[in-house]
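# Report on the structure
Each chain, letter by letter, is given below.
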Amino acid sequence: MDKIREEDHNQLINQAYENVMGLQQQAAADPHRLQFHMMAPANWMNDPNGLIQFKGEYHLFYQHHPYSAKWGPMHWGHAVSRDLVCWEHLPIALAPSESFDLDGCFSGSAVDDEGTLTLMYTGIAPEGSLHRQIQCLAMSEDGRTFSKFDGNPVIGAPPVDGSEDFRDPKAWKHEGQWYVVIGSGKEGIRNVLLYRSADLREWQYVGVVAESDGTQGAIWECPDLFALGDKYVLVVSPNVEKAKNIYMIGDFDYTTGKFVQESMGELDYGFDYYAAQSFEDDTGRRIVIGWMDIWGANMPTQAYGWAGAMTVPRVLSLLPDGALSVLPVPELHSLRKEPTCFNNIVVDSGSSGYLGELRGDCLELIAEFELPESRNAEFGLKVRCSSDGREETRFGYRVAEGELIVDRSRSGLDASGISRCGLSLPDGETLKLHIYLDRSSVEVFSNEGRGVISNRIYPGQDSLGVDLYVSEGRVRLIKLEVWKL
Ligand code: FRU
């Protein structure tokens, strides 16, 4: 093993950070630049990495290419927050620099090893290496500067159950032992592999935690496994059209390393949600953050020198009926300004203008509707409406289908598609929508967090209207609370 060239690494980091900070103004000038979501100062960002609350401070690392607004050799960008709302950018934590990660520092996680912030990530070794995706460590005492472990890689080859796609380690501690899950696959079937360690440095392979039914693709990216209530949740990112971020609820046995699935769904049913990672904070909440974009999407912000954002942080919990609930963290209330409230509005099909002068591109809206009599109706809220009626984004409920939708087919630039999420509302139940609107994103949480949809949209700057709608008959809005953010 060569000696780690720490000075060279620092130099690479400083150079990369200087470059990205120099482009911050240009990115900020984009009318679609988000206002309250976490983004890199400029250039490319994808997966959240290394989420942890360490010595009281929340840390968010992320896949970052500091030299262009497109994906390239992966670095780990770094930001910290005291409240999960305001993020402070810190110098880049990891840059590709050594024989074990020269082609990139891919996704991974963070743990607190008795006061040492320890990152576990996938190093991409240069072409021609025996194994290219290998698992590495980097440590920090101050949570600011990181030294790569000189015994890297700590897992230098996939086990027999895995393939050369062998990445995105998510580590945690349980009853004095370290565990890590790693995304892989075997003969076209995706799987999640488990290792155990006493010291984070020497790892023993335990076995296959779970594998797909074999119908799609080759790897489950960014696995995450954690206890929630009296169950375990396994999350994976398969990156196929209809299954971006799957969660499975079930049981997990630490001795056999096997996960037994009881139910499943999507952590978010939007087009722009991927590679979610969770962590437990000091109050015991399970918080999850996802990359609010997706591979292959059009990203018009690249023209301004940036691409990629994180969703708002969300809390996961299990509802009494066993369903997964995903809700925005209450800390976001600190963003609220200028509250407005509307009560008891009867909406007729074909009419508009129910909310008067309400306008905005950064809003929080909490709405409650009675279900309409007409079974064929679609009803809800429209945002980012242009005055000529050409642009709008709809948050709707389709009664007959029992489906929550976000329609962005008329949302503006590069607009396409309707996101759908099954949401059955029993008789007498109302539709509750909790919406976060930022300059180029929409996130909606419905009924106790039972359905979530996140999408990027790129409307015209003047498309700011908000309205209510119903496709046929009438519907009653019980209450709408709105805040500017
Ligand atoms: C998921 C992913 C990971 C990989 C990283 C590379 O979006 O493909 O599997 O570690 O992105 O940036």
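Calculation criteria
- Residues numbered from 1 in each chain as written.
- Predicted model: local features only at pLDDT ≥ 70, side-chain atom pairs only at ≥ 80, totals over all residues.
- Heavy atoms only, no water.
- UniProt positions renumbered as here; feature names shortened; annotations may be inferred.
- Helix = DSSP H or I, 4+ residues; strand = E, 2+ residues; numbered from the N terminus.
- Rg over C-alpha atoms; globule rule 2.2 N^0.38 Å.
- Buried < 20%, exposed > 50% of the residue type's maximum accessible area, 1.4 Å probe, protein only.
- Contact = heavy atoms within 4.5 Å.
- Lys, Arg positive; Asp, Glu negative; His and termini not counted.
- Charge placed at Lys NZ, Arg CZ, Asp CG, Glu CD.
- Core = buried A, V, L, I, M, F, W, Y, C linked by side-chain atoms within 4.5 Å.
- Pairing = 2+ DSSP bridges.
- Axes fitted to C-alpha atoms, helices over the stretch in contact; angles between N-to-C directions.

- In the annotation of an unreviewed UniProt entry, the protein is listed under the name Sucrose-6-phosphate hydrolase and assigned to Cohnella phaseoli.
- UniProt's Catalytic activity (unreviewed entry) comment on the protein is quoted here verbatim: "Hydrolysis of terminal non-reducing beta-D-fructofuranoside residues in beta-D-fructofuranosides."
- Regarding the protein, the UniProt comment filed under Function (unreviewed entry) reads as follows: "Enables the bacterium to metabolize sucrose as a sole carbon source."

## Some thoughts on the overall build of the protein
- Tallying secondary structure elements over the protein gives two helices and 32 strands in all.
- The C-alpha atoms of the protein give 23 Å as radius of gyration, which agrees with the globular expectation for 485 residues (23 Å, within 12%).
- The principal-axis extent of the C-alpha atoms belonging to the protein is close to 70 × 50 × 40 Å.
- Within the protein, buried positions represent 59% of all 485 residues.
- Considering only contacts within the protein whose residues lie at least 6 apart along the sequence, 58% involve residues at least 24 apart.
- Here the protein carries 43 positive and 71 negative side-chain charges, and the mean point of each set is 4 Å from the other.

## Points about the nonpolar core
- With 39 residues, the main nonpolar core has Leu 267, Leu 316 and Leu 324 as its most contacted residues.
- If we skip the residues at most four places from it in the chain, Leu 316 touches Phe 226, Leu 228, Leu 267, Arg 286, Val 288, Leu 324, Ser 325 and Val 326.
- In terms of nonpolar packing, the next biggest core, distinct from the first, is built from 37 residues, Phe 342, Phe 379, Ile 453 and Val 470 among them.

## Overview of the sheet that holds strand S7 (residues 133-140)
- Overall, antiparallel pairing links the four strands, which are arranged S5-S6-S7-S8 in an open sheet. Of all the strands in the sheet, just strand S5 (105-113) and strand S8 (147-148) have a single pairing partner and so form its edges.
- In terms of strand pairing, S7 meets S8 through two bridges, oriented antiparallel. Looking across to S8, one finds that Met 139 is bridged to Ser 147.

## Looking at the pairing of strand S20 (residues 314-318)
- Here three bridges tie strand S18 (residues 286-291) to S20, and the two strands are oriented antiparallel to one another. Bridge pairing in S20 links Ile 287 to Val 315.
- Of the pairings in the sheet, the one linking S20 to strand S21 (residues 324-328) comprises five bridges and is antiparallel in character. By the bridge assignment, Leu 316 is partnered in S21 with Val 326.
- Counting the residues between successive antiparallel strands, the hairpin from S20 to S21 contains five residues, one of them, Gly 322, with a positive phi of roughly 90°.

## Considerations on the sheet that holds strand S23 (residues 363-369)
- Across the sheet, six strands lie side by side as S22-S32-S23-S28-S29-S30; this open sheet has antiparallel pairing. In this open sheet, the two strands that pair with only one neighbour each are strand S22 (337-348) and strand S30 (451-456). Within the sheet, the average angular offset between the axes of one strand and its neighbour, ignoring direction, is 15°.
- Here S23 runs beside strand S28 (residues 431-438); their pairing, made up of seven bridges, is antiparallel. What sits directly across from Leu 363, in S28, is Leu 437.

## Quick notes on the environment of Val 154
- Within the secondary structure layout, Val 154 lies in the loop between S8 and strand S9 (167-174).
- Look at Val 154 and you get buried, because its relative accessible area is 12%.
- Distance in space between the C-alpha atoms of Val 154 and Pro 66 is 27 Å, their sequence separation being 88 residues.
- Apart from the residues within four sequence positions on either side, Val 154 is in contact with Met 120, Gln 135, Cys 136, Leu 137, Phe 149, Leu 200, Arg 201 and Trp 203.

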